[in-house]
There are 2 protein chains.
Amino acid sequence: MKELLPPGVQVQGEMGIAFVIAGPSGVGKSSVISTLLSRDPKLCFSVSATTRVRRPDEIHGRDYYFVTEEEFDRLIATGALLEWTTYQGHRYGTPKSEVLGRLQRGLDVVLKVEVRGAQTIRRAGLGFPVVLIFLVPPSWEELVRRVRSRGTESEEALAERLRIAREELQHIPEFDYLVVNDELSRAVAGVEAIIQAERMKILRCA
Amino acid sequence: MKELLPPGVQVQGEMGIAFVIAGPSGVGKSSVISTLLSRDPKLCFSVSATTRVRRPDEIHGRDYYFVTEEEFDRLIATGALLEWTTYQGHRYGTPKSEVLGRLQRGLDVVLKVEVRGAQTIRRAGLGFPVVLIFLVPPSWEELVRRVRSRGTESEEALAERLRIAREELQHIPEFDYLVVNDELSRAVAGVEAIIQAERMKILRCA
């Protein structure tokens, strides 16, 4: 097929693409991402660093790198993070080492990022395409239900999560795509369509 | 879900979208389009007008409106066409009536257009999103094989089709997406992914 393209033209899928998935707490980012990864061998997950406490079902190095405040300070000081944000008093950041090498090898990277961190990834000037996907629940009531059913937190922490979620929705216009997570399989199919379409985009190189 | 969007923000799928499918003769545009239409009730086909002779398997009003040179002149003169081009001595055009009303009713319209006409659709200022999809064969050899196997034309006409195809490939950079038609089901899945992704695009209205 390449022989048919005029000089200086390529499809985006020939290079690595960063797919950034964000959305309010409880919307189901982790479930969507783990299903995506299990179905597409070209996708890698960028494991974030965080200072928050590990939940019982989480594994260090798979879900997050759980680090101390001092270790996080060092990541920032050594320029090891692409972006970082604070959420409910804990810090979350994207290690460059999780992203750049893979993109350079032509793999696509999925990043789970706080809403306010997503734009920073785009502005970081990676030199690779960055696609910003916002995951929303089908309704506000459903979001409240999902955050509650997680049941790991105090009422105050829940109320704070919902307050932050309201604020996060205001950032939707900064994203490229909106995917509704009403049912996991449909949300996954939506993100897969975006990934497939972005790989077919025509790029005019310099 | 709409309640969750900030004011002035919508997803592109709330409005009608024009999906323009072009590509060299013989690449399989008609097969891809008829499969798409059979699977997605939100898609309508824009039937083009042409002055060329009807092929045995074609139906007036389904595949094309087959019109005389005088009728085509009248369509141009009355401003009834969104775009028109000449291909191998015959004229092909897109009637406005096939496109605008449907987009206004929120339906998506699939247009099969000559390569040189695709850009004209975008420049026409429809007031609706226009997505340009270029369909290519997996290789040049395969294109030659497909054009030959149609077997309705003289050797000179075939050679002319191939010469035009070479020139059409130079227009790929004007398109948004490249879909390889190696196998019909895969090409259809590719276009369906593009359609689904475009419907999820976030639009910031004025």
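Because the structure is a prediction, the values reported are computed rather than measured. (Residues numbered from 1 in each chain as written. Chains lettered and ligands numbered in written order. Predicted model: local features only at pLDDT ≥ 70, side-chain atom pairs only at ≥ 80, totals over all residues.)

**Points about the overall build of chain A**
Spelled out, the test is: Numbering of helices and strands runs from the N terminus, with a helix taken as a DSSP run of H or I at least four residues long and a strand as a DSSP run of E at least two residues long. What the globule rule says is 2.2 Å times the number of residues to the power 0.38, and the radius of gyration is computed from C-alpha atoms. Three exposure classes are used, all based on how many other C-beta atoms lie within 10 Å of a residue's own C-beta (placed from the backbone): buried at 20 or more, exposed at 12 or fewer, and partly exposed between those limits. The contact rule is simple: place each C-beta atom from the backbone, and if two of them lie within 7 Å, those residues are in contact.
A tally of helices and strands in chain A yields 7 helices and 11 strands. In terms of C-alpha radius of gyration, chain A reaches 18 Å, essentially the compact-globule figure of 17 Å for 206 residues. Over its C-alpha atoms, taken along the principal directions, chain A stretches across nearly 60 × 40 × 30 Å. Every one of the 206 residues in chain A was classed for burial, and the buried ones make up 37%. Of the contacts made within chain A by residues no fewer than 6 positions apart, 70% connect residues no fewer than 24 positions apart.

**Things to note about the interface of chain B and chain A**
As a reminder of what qualifies: When residues are sorted by character, Ala, Val, Leu, Ile, Met, Phe, Trp, Tyr, Cys and Pro go into the nonpolar class, Asp, Glu, Lys and Arg into the charged class, and all the rest, Gly among them, into the polar class.
Counting from both sides, the interface comprises 30 residues of chain B and, opposite them, 30 residues of chain A. Counting only elements with at least two residues in the side of chain B that touches chain A, the list comes to β1 (9–11), β10 (177–180), α7 (184–199) and β11 (202–204) of chain B. Across the side of chain B that touches chain A, the residue classes break down as 22 nonpolar, 4 polar and 4 charged.

**Here we look at the pairing of strand β7 (residues 90–95) of chain A**
Residues in a regular strand project their side chains so that they alternate between the two faces of the sheet. Residue and element names in this part refer to chain A. Going by this rule: Each pair of strands is called paired provided DSSP finds at least two bridges between the two strands.
Examined bridge by bridge, strand β4 (residues 48–50) and β7 share 2 bridges and lie antiparallel to one another. Across the sheet, Thr50 pairs through a bridge with Tyr92, a residue of β7. By the bridge criterion, 6 bridges tie strand β6 (residues 81–87) to β7 in an arrangement that is antiparallel. By the bridge assignment for β7, Thr85 is matched with Tyr92.

**Topic: the relation of the copies chain B and chain A**
In plain terms, the rule: Residues below a pLDDT of 70 in either copy are left out; the C-alpha atoms of the rest, at least 70 in both, set the least-squares superposition of the copies.
Turning chain B through 180° and shifting it by 0.0 Å along the axis lays it on chain A, with an RMSD of 0.0 Å. In short, the pair behaves as if placed about a two-fold rotation axis. Residue Ala193 of chain B of chain B places its C-alpha closer to the rotation axis than any other residue of that unit, at 2.2 Å. Taken as a fraction of all interface residues of chain B, those also at the interface in chain A reach 100%, which identifies the copy contact as same-surface.

**Considerations on the sheet that holds β4 of chain A**
All names here are of chain A. Note the threshold: Working convention: axes come from line fits to C-alpha atoms, limited for helices to the stretch in contact. Angles between N-to-C directions cover 0 to 180 degrees.
One open sheet holds the 4 strands; their spatial order is β5-β4-β7-β6, and the pairing between them is mixed. Both outer strands of the open sheet, β5 (64–66) and β6, are each paired with one neighbouring strand and no more. With direction set aside, neighbouring strand axes in the sheet form an average angle of 25°. Set on the sheet, helix α2 (residues 69–77) makes contact with β4, β6 and β7; between it and β7 the angle comes to about 40°.

**Side note on unusual backbone geometry**
Across the chain, the bulk of peptide bonds are trans and the bulk of non-glycine residues have phi less than zero. The backbone of Gln88 of chain A sits at a positive phi, close to 50°, despite the residue not being glycine. For Gln88 of chain A, a count of 11 C-beta atoms within 10 Å corresponds to the exposed category.

**Here's the deal with the environment of Ile121 of chain B**
Residue and element names in this part refer to chain B. Residue placement: Ile121 occurs in helix α4 (residues 115–123). For Ile121, a count of 21 C-beta atoms within 10 Å translates into the label buried. Those residues in contact with Ile121 that lie beyond four places of it in its chain are Ala18, Val20, Leu82, Glu83, Thr94, Leu111, Val113 and Val130.

**Side note on the pairing of strand β8 (residues 108–112) of chain A**
Residues and elements named next belong to chain A. For β8, the buried fraction is high: 5 of the 5 residues fall into the buried class. Alternating residues of β8 divide into Asp108, Val110 and Lys112 and Val109 and Leu111, and every residue in both groups is buried. By the bridge criterion, 4 bridges tie strand β2 (residues 18–22) to β8 in an arrangement that is parallel. By the bridge assignment for β8, Val20 is matched with Leu111.

**Describing the environment of Val47 of chain A**
Residue and element names in this part refer to chain A. Relative to the helices and strands, Val47 is located in the loop between β3 (43–46) and β4. Each C-alpha atom of the pair Val47 and Thr120 lies 17 Å from the other, and the pair is 73 residues apart in sequence. Residue contacts for Val47: discarding those within four places in its chain leaves Gly61, Arg62, Tyr64, Tyr65 and Glu98.

**Topic: helix α1 (residues 29–39) of chain B**
Residues and elements named next belong to chain B. Just so we agree on the cut-off: For this quantity, the arc is that covered by the directions from the helix axis to the C-beta atoms.
Regarding α1, the residues found buried are Lys29, Val32 and Ile33. Viewed along the axis of α1, the buried residues span an arc of 95°, placing them on a single side of the element. Among the exposed residues of α1, those pointing more than 90 degrees away from its buried face are Ser38 and Arg39. Buried positions along α1 lie against β2 (18–22), β3 (43–46), β8 (108–112), β9 (130–136) and α7.

**Comments concerning the nonpolar core**
To keep things clear, this is the line we draw: The nonpolar core is taken to be a set of buried Ala, Val, Leu, Ile, Met, Phe, Trp, Tyr and Cys residues joined by way of C-beta atoms within 7 Å.
Counting 96 residues, the largest nonpolar core has Ala18, Val20 and Ile133 of chain A together with Ala18, Val20 and Ile133 of chain B as its most contacted members. Those residues within four positions of Ala18 of chain A in sequence are excluded, and the remaining contacts are Val99, Leu103, Val109, Leu111, Ile121, Leu126, Phe128, Pro129, Val130 and Val131 of chain A.

**A few points about the packing of α1 of chain B against α7 of chain B**
Residue and element names in this part refer to chain B. Rules: Roughly parallel here means an angle under 35 degrees, roughly antiparallel means over 145, roughly perpendicular means 65 to 115, and every remaining angle is called oblique. Two helices that cross are described as forming a left-handed crossing if the nearer one is turned anticlockwise from the farther one by less than a right angle, and a right-handed crossing if clockwise.
Contact pair α1 / α7: the axes reach a minimum separation of 9 Å and the direction vectors enclose 60°. What the angle tells us is that α1 and α7 run oblique. In the crossing of α1 with α7, the sense of the turn from one axis to the other is right-handed. Between α1, through Ser31, Val32, Thr35 and Leu36, and α7, the contact on the second element is made entirely by Leu184, Ala187, Val188, Val191 and Glu192.

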